Amino acid sequence: MLHIRKKILVGTLCASMVLSASQSVAWSENSSMTAEAGTAESGTSEADETTAEGTSTEAEDNSDAEEVKEPITEEGELAKCELVASNSNFELYVNMETGLFAFRTADGDHTWWSNPYNADEDPKANNSKKDDLKSTLVVNAVKVTDTDSPSTPLRSFSNGEVSVTKVENGFRAEYHFPTEGIWIPYYITLKDDYIEASIAVDEIYEVEIQGDKEGSTSVDSNGIRSVVDVNFLQDLGAAYSDEEGYIITPDGSGAVINFNNGKANTNLYTQRIYGRDLAKSQDMAPAKTEQAYLPIMGIVREDNALLEVVTEGSAYATANASVSGQKATSYNSAWFNFQLRATDTYYMGGQNAQPLNAYQENKIPESRLTVRYYPIVKDNVSYVDVAKRYQQYLVEEKGLTRVEKEEAPLYLDVYGGTVKQQSILGFPVNLETAATTYEQAKQILQELNNNGVGNIILSYEDFNAAGITSRISNSVDYSGTLGGKNKFKELKSYCEANNIILAPSVDLMNYERSGNGYTKTGASSIAITKAYATQGVYELAFGTPHDTRNSWYILSPAYFQKVYGEVVSSYTKEGMQAISVADGTNMLYSDYTANSARTTSRQQAINNLIEGYKMINQSNLTFVAGAANDYALPYVDYLKDVPLYSSNFDVYDYDIPFYELVIHGYIPYTTKAKNASSSADELFVYSVVTGTPLHYEVMYQDPNEFTDCSYDELFYTYYSGWVSDICTEYKFMQKYVLPLTDETIVDFERIDRYNYRSVFSDGTEVEVNLKTLQIYINDTEVKLTDFETKGATTD
């Protein structure tokens, strides 16, 4: 008996040593595949499945340790997959039992997996995080009728059951979450040079909303949920911690997150495409950040990159990224989350009331949420190559066209007037107050012309009565306060005679007062809580709503086509040649009104806006726009306020001019106003290396006269103080930037924090130092001081 016990002990010790030595290896033999990642599920060992008696017998008969199993390899996992689509460029494989899929180059040199096929080997991930890594869908679900309902995370690997079927050029995977009564299908298809992943929203089934699905068992009513949002393919193409490369984010101009950058303790990158939905309540001031204008992400390695583009449902998308250690895994990932139901919070009760949740009852009305993945295989690939591939997409599928001439105008925003409180016989009265009359605007242009500034695009903000009084500006509506119709005609004639583009600006979204056919109570957007979706000014110190400044309303997107039609008709009738629509190309929101005829989703709002842009194009008005979301790019003629920087989130490593790389040479543009920048000189130098012309914001009157009103943040706009700078910088731009404006940027390099280098398609090389403010063009230093204008005045 002692001899047998010794044998048992020896066998046990040997088995333990083998398991200990191989604990970081994921095995494939005699184990079941996971739902997504195709890795071995943690299960009972062979020894655990036998009785003690059986173990004793085995130990006595065979003192050898348990046979060592082969580790999971890429080749082994591909062998378990079936080729479902191929072309001359790529192949698409899927495991028909688990849903794990991969696409690779036809030569087999590069492969991108839907999930890490060896996720169980990740030493940083616990079981829950490994489930995340092995899930193609991570779903948040709630009871939409329960204001206290917590969000329930559902992982397709651990909570779902998968069914995979072949379709043309790909496959369909459907995940059933039996406890919650939810079915979510998606399609993966191979195209010529990309794969397309599409959540079939119109095929999502929810028991709570639609009743029991035919052929399914009844679901316990306590468990049923509805989908709020979905993290889709969050680890497709993910890079392990031993790889080198970076992630591209669409924040502002663009930003880079290096793989494994050691910032695991910072917040994950997460940013709503096109900014927050303004129909959602905001109790405190939102963070001052740039906007994500382009629905893209990118993953770049040394010899390949992956461009991710949301092609359907971008209005519901949120860009996300994490580095190794940040999600408690070893992977660097970039992905999109899609919101299927909007959410909001509200309060009922006293000061200590807890927030209650409000959910959109029905899913978004769109049928598909689609992401394309464009592989780019190239030695020393960079974000420049990724930007060029996205540019190609916009040209081929969205109608983006090249600019036809060199042009480096001065972009000049002039502020007309606002309502300001003044004292009349000792009584405070709100009066329309001019900041720049029509005659004064003409004087500004004459003075600039006399000092050598000839090519100007003038955006006249608040130029009419509706703009000054904050009503919907659906017509020209000349302002008597600014001089009346005749004085405006004189300004217009001067602009036409001197080849100046005069673009009177109208706000077709924000308004404080009813008028012109649009009332606050009858035409404004409604929040999910069924309150008016009002906007407000916040205290700078505390971020709380401002005590004395008025809140305002946002026009329902259901009226966008109507209001664009009205303003285009009025401009055409008055002989205008150009138009600016304020935030009409970058502001986006919904209308959750109970009136089904007017309810408008964010994606439907985009469609309505595009119809408005088409009206402008068809009227032959020159379209001058502020910073533009991607859907507006094919329709605008000139862009202002294009960001040169990102939001500088903690997880970032540096900014890149991704937006500029995409549009340079295609759309004439400028950045944000130089005189509004706290780093004006740095902005000017960076503008040169990106081939970006000049932009200023001005008013004729002293801005100090406009404190405690809507113009109180325009303290930097006093025109007389900027004349000399404008003239000097304009002449510099005409000599050095003008020849570059119709060229594309073929290369851009961040040498270090201060030094940057760009190469344009005509071969021009520009190098700058943001610290010393030095500028080199084709290795020759050029100086702004050489263009200083002596005696440039406003006299």
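Above this text sits the structure in question.
Remember, it's a predicted structure, so these values are computed and weren't measured experimentally.

Draft legend 1. Region of the structure containing a negative patch on the surface. The grouping of Asp107, Asp109, Glu244, Glu302, Asp303 and Asp379 at the surface amounts to a negative patch. Following the sequence through the fold, Asp109 ends up in the loop between strand E3 (101-105) and strand E4 (111-113). The exposure class assigned to Asp109 is exposed, which follows from its relative accessible area of 56%.

Draft legend 2. Summary view of the sheet that holds strand E24 (residues 410-415). Spatially, the four strands line up as an open sheet ordered E28-E27-E24-E36, and their pairing is parallel. Since the sheet does not close on itself, it has two edges, and those belong to strand E28 (501-504) and strand E36 (695-698), each with one partner. Sheet twist, expressed as the mean angle between neighbouring strand axes with direction ignored, is 20°. Pairing geometry for E24 and E36, over four bridges, is parallel. Within E36, the position partnered with Leu412 by the bridge is Tyr696.

Draft legend 3. Highlighting the pairing of strand E38 (residues 755-760). With respect to burial, E38 is a largely interior element, six of its six residues being buried. Side-chain alternation along E38 places Asn755, Arg757 and Val759 on one buried face and Tyr756, Ser758 and Phe760 on a second face that is also buried. Pairing geometry for strand E37 (residues 745-750) and E38, over five bridges, is antiparallel. Looking at E38, one finds that Ile745 is bridged to Phe760. Hairpin connection of E37 to E38: four residues between the antiparallel strands. Pairing analysis gives five bridges linking E38 to strand E39 (residues 765-769), with the strands arranged antiparallel. Looking across to E39, one finds that Tyr756 is bridged to Val768.

Rules used in this analysis
Within every chain, residues take consecutive numbers counted from 1 along the sequence as written. Side-chain atom pairs in this predicted model are given and counted only at pLDDT of 80 or more, local residue features only at pLDDT of at least 70, and totals for whole chains, interfaces and linings cover all residues. Each side-chain value is derived from all of the structure's non-hydrogen atoms; neither hydrogens nor water enter the calculation. Put simply, a patch holds well-exposed residues, over 30% relative accessible area, that have no salt bridge, with like charges counted together within 9 Å and Val, Leu, Ile, Met, Phe, Trp or Tyr side chains within 5 Å. Note on areas: these come from Shrake-Rupley sampling with a 1.4 Å probe, and a residue is covered only by the protein chains present in the view. What counts as a salt bridge is simple: a side-chain nitrogen of Lys or Arg found within 4 Å of a carboxyl oxygen of Asp or Glu. Only four residue types enter the tally: Lys and Arg on the positive side, Asp and Glu on the negative side, with His and both chain ends excluded. Every charge is mapped to an atom, namely NZ of Lys, CZ of Arg, CG of Asp or CD of Glu. Each helix is a run of H or I in the DSSP string that is no shorter than four residues. Each strand is a run of E no shorter than two, and both are numbered from the N terminus. Relative accessibility decides the category of a residue: with a 1.4 Å probe and only protein chains considered, values under 20% of the type maximum give buried, values over 50% give exposed, and everything between is partly exposed. One requirement defines pairing of two strands: DSSP has to find at least two bridges between them. Angles run from 0 to 180 degrees between N-to-C directions of axes, and those axes are lines fitted to C-alpha atoms, restricted for helices to the stretch in contact.

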